[in-house]
Amino acid sequence: MKIVFFGAGNMASAIFTGMIEKGIVKADDIYITSKTNRVAAMEFKESLGVNVSYDDAELCADADYIVLASKPQNFKDVAKRIRPYLEEKTKLISVMAGIQILTIQEELGKGNSVARIMPNTNAMVQYSVNGIAFSDGFDNKDELIDLMASFGKNVVVGEDGMDNITAATGSGPAFLYYIYEQYAKSLEELGFSKEDAEQLTRNLVIGTGKTLSERPESFEKLRTDITSKAGTTEAGLNTLSEFKLREMITDTLGSARDRSKKLSER
Ligand SMILES: NC(=O)C1=CN([C@@H]2O[C@H](COP(=O)(O)OP(=O)(O)OC[C@H]3O[C@@H](n4cnc5c(N)ncnc54)[C@H](OP(=O)(O)O)[C@@H]3O)[C@@H](O)[C@H]2O)C=CC1
Ligand SMILES: O=C(O)[C@@H]1CCC=N1
């Protein structure tokens, strides 16, 4: 199998790292290219053994999949590189937020099968959430679904579901990391050193994540099991509940969704 990544940045590298570490593809099956930052691409060749090339004819020749992993605003430049060499059998996989399947097919001018996927950087530890939308006539969907299962949990959505999944789980890790940053800064205000505050927060998050991955209880049950009557947690939650936390998160997700819609405009 030959999988070619046009784009070797944060998202692409999380995906191919996850695929290789899971053993679903060999490093030699992966080809990567970027625009100008050849040093970063060569570092992946050194660390993972992937192939690096800037010869578009070589990259596209006999490719089973081409992964479009540049920023949306760079897609037209990427399309210029691919168009002359794109073979009929090659399936296009786009991770670009907002770029519609029709836009990709029109820009590349050929009837290649296209799948939009919306992963997240948890792919690097094989725990992404992958929204997937297929173009009409995309055959052998299971092969791609199996490939993606190597680095995350798949959610097959129609293309009209992509804006929401982009906000919810594509951008989602960043929203949680921002909350963790504020939590660590609050620990500093309690008196912990910056280093201790960050390590305590990191271990707290890993611990709650590990609990969620291994225990069936609901968020609410896990929370109430900690909340002793008239205790410290109840006192803290009484204060926390005075803030409009759900409205804050809803507005945050709405802004991300709306930006995805804006990027979709043709
Ligand atoms: N980061 C994330 O968590 C997620 C990102 N995405 C999507 O993934 C895509 C990439 O995002 P991200 O990885 O964060 O961005 P990065 O900026 O980290 O990576 C972009 C990559 O695209 C390359 N590139 C730009 N222009 C071209 C070109 N003409 N030919 C080949 N390669 C090119 C860049 O090369 P160079 O460095 O040389 O300029 C770079 O390797 C975006 O569309 C984003 O919406 C989707 C889900 C999550
Ligand atoms: O911020 C972005 O546009 C990309 C898509 C989802 C996560 N990162």
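This is a predicted model, so every value here is computed, not measured. (Residues numbered from 1 in each chain as written. Chains lettered and ligands numbered in written order. Predicted model: local features only at pLDDT ≥ 70, side-chain atom pairs only at ≥ 80, totals over all residues. Heavy atoms only, no water.)

**Student:** Got a minute to help me understand the pairing of strand 1 (residues 3-6) in this structure?
**Tutor:** The side chains of a regular strand alternate between the sheet's two faces. Burial along strand 1 is two-sided: the residues Ile3 and Phe5 and Val4 and Phe6 are all buried. Pairing between strand 1 and strand 2 (residues 30-33): four bridges, direction parallel. Within strand 2, the position partnered with phenylalanine 6 by the bridge is threonine 33. Note that the unit made of strand 1, helix 1 (residues 10-22) and strand 2 has a crossover that is right-handed. With four bridges connecting them, strand 1 and strand 4 (residues 65-68) associate as parallel partners. Looking at strand 4, one finds that phenylalanine 5 is bridged to valine 67. (Buried < 20%, exposed > 50% of the residue type's maximum accessible area, 1.4 Å probe, protein only. Helix = DSSP H or I, 4+ residues; strand = E, 2+ residues; numbered from the N terminus. Pairing = 2+ DSSP bridges. Right-handed = clockwise from strand over helix to strand, strands pointing away.)

**Student:** Honestly, the domain arrangement of the protein chain in this entry has me stumped. Any pointers?
**Tutor:** Accessible area lost on assembly of the parts is the figure often given for the size of an interface. The domains assigned to the protein chain are domain 1 (3-161) and domain 2 (172-263). Inter-centroid distance (C-alpha atoms) of domain 1 to domain 2 is 32 Å. On the domain 2 side, the residues contacting the six residues of domain 1 number four residues. Contact between domain 1 and domain 2 buries roughly 400 Å² in total, counting both sides, with carbon and sulfur atoms accounting for 58%. Linking domain 1 with domain 2 are zero salt bridges. (Domains from an automatic or database assignment. Contact = heavy atoms within 4.5 Å. Buried area = accessible area lost by both parts, 1.4 Å probe. Salt bridge = Lys/Arg side-chain N within 4 Å of Asp/Glu carboxyl O.)

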